[in-house]
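Secondary and tertiary structure notes
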Amino acid sequence: MVVTIKDVAKEAGVSPGTVSRVLSGQKKFYGPKAEAKVLEAAAKLGYQKNILASNLVKKKNNVIAVVISSVQTNFADSIIRGINKVASENNFDVIYTYTTSLDEGNQPHVIDMLTSRRVSGIVLASVILDKESITKIERADIPYTFVSITPENETRTISSDDVDIGYQATKYLINQGHRRIGLAGLDNQYYTGKRRFEGYKKALKEINVSPKKEWLFPGDYSYESGYDALKYYKKIQNVTAVITASDTCAVGMLNSATDNGVRIPEELSILSIDGTNLCEIARPRLTSVSQNFEEMGQQGILALIDMIKFKSTEISRKVIDVKIDERDSVKRI
């Protein structure tokens, strides 16, 4: 009887993906204990790599498509860096395309293009698809994962916890003495924005504060949303700190503050969500709730490759931790 990777995984008590990575020497993605278990199980069962099968697999279409949101933020660079590294290590080529939001209409064209090309798998980077698009992908029998976003009731996701992001951002400002805290540039019509708003409200509720409607300035995560938000908050003069939906949005607020004579953080504190390189480039440097987008990209593509190799249709949701990076844009009061 031929011994397979799945047999070795069962004997070692690990996943087939872990066995594959150990046997191909991808040391970054497993520890010494896992390596010892796999090698011991492989030796015990007499596993030998099937060179012929491996070569046949290489003749398949080893192309993964990455669909990126066209929302004007800059975090996709780190996701792409993580995806490219792991894809290269696993001999997959990557193509990239962009799609607009659900209500702007080009999603069907993008999905039709990818399914007709019969790519091996699809990574959806901060993109939510409508039901029709998901159905097309599933009918084409193409594995897919969501990265940096968690659509409602979806398990194939690698992302941060958006409730936790909203909660940690607000809790940090509370601990700096702030009680009147704005939330700017967030699109609360969709799942991500709704969940971050839940975390925001949760933190305020712990100190018996109910957020006022005028503390909220909705938007689309963009620079323009931030620029306009600063002018709004200057006019109402009713908050001491603002959480921005993205670093790009925060930079919009900073530049608007310069143009409109508002000193940051002396007159208004800003805390950004994302923690990309923009936070270090900006002046003052932006305090942020930082997400590990490169790790999301790496874990997302690894999960997808496992589905491609082992004909699996499901993965468990993975949550990537966030952290607060203190810089210069928040004042303690």
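Provided above is the structure to which this section pertains.
Computed from a predicted structure; not experimentally measured.

**A few points about the packing of aromatic side chains**
As enumerated under the stated definition, the model contains six aromatic pairs in all. Summarising the aromatic geometry, the rings of Phe75 and Phe293 are spaced 4.9 Å apart at their centres and angled 20° between planes, so their arrangement reads as stacked. With Phe75 in the loop between β1 (63–69) and α5 (76–89) and Phe293 in helix α13 (residues 293–310), the pair connects residues that are 218 residues apart, well separated along the chain. Here Phe217 and Tyr232 contribute two aromatic rings whose centre-to-centre distance is 5.3 Å and whose plane-to-plane angle is 40°, an arrangement assigned as tilted. Remark: Tyr232 occurs in helix α10 (residues 223–236) and Phe217 occurs in strand β7 (residues 216–217); sequence separation between them is 15 residues.

**A short note on unusual backbone geometry**
Here the bond from Ile264 into Pro265 is cis, since omega is 10°, no more than 30 degrees from zero. By the secondary structure assignment, Pro265 is in the loop between α11 (247–259) and β9 (269–274). A positive phi angle, close to 50°, is found at Gln237, a residue other than glycine. Position of Gln237 relative to the elements: it lies in the loop between α10 and β8 (241–244).

**Some thoughts on the nonpolar core**
Soluble, globular proteins show a tendency: their nonpolar side chains are buried together. Residues Leu173, Tyr200, Tyr233, Ile243, Met253, Leu268 and Leu286 are the most contacted members of the largest nonpolar core, which totals 43 residues. Put simply, the parts of the chain that give this core at least two residues each are α8 (162–175), β6 (181–184), α9 (191–205), α10, β8, α11 and β9. Residue contributions to this core peak at six residues, all from α8. The next biggest cluster of nonpolar side chains, apart from the first, holds 26 residues, and it includes Ala76, Ile80, Phe293 and Leu304.

Thresholds, definitions, all that
- Residues numbered from 1 in each chain as written.
- Predicted model: local features only at pLDDT ≥ 70, side-chain atom pairs only at ≥ 80, totals over all residues.
- Heavy atoms only, no water.
- Phe/Tyr/Trp six-rings, centres within 6.5 Å; stacked < 30°, edge-to-face > 60°.
- Helix = DSSP H or I, 4+ residues; strand = E, 2+ residues; numbered from the N terminus.
- Core = buried A, V, L, I, M, F, W, Y, C linked by side-chain atoms within 4.5 Å.
- Buried < 20%, exposed > 50% of the residue type's maximum accessible area, 1.4 Å probe, protein only.

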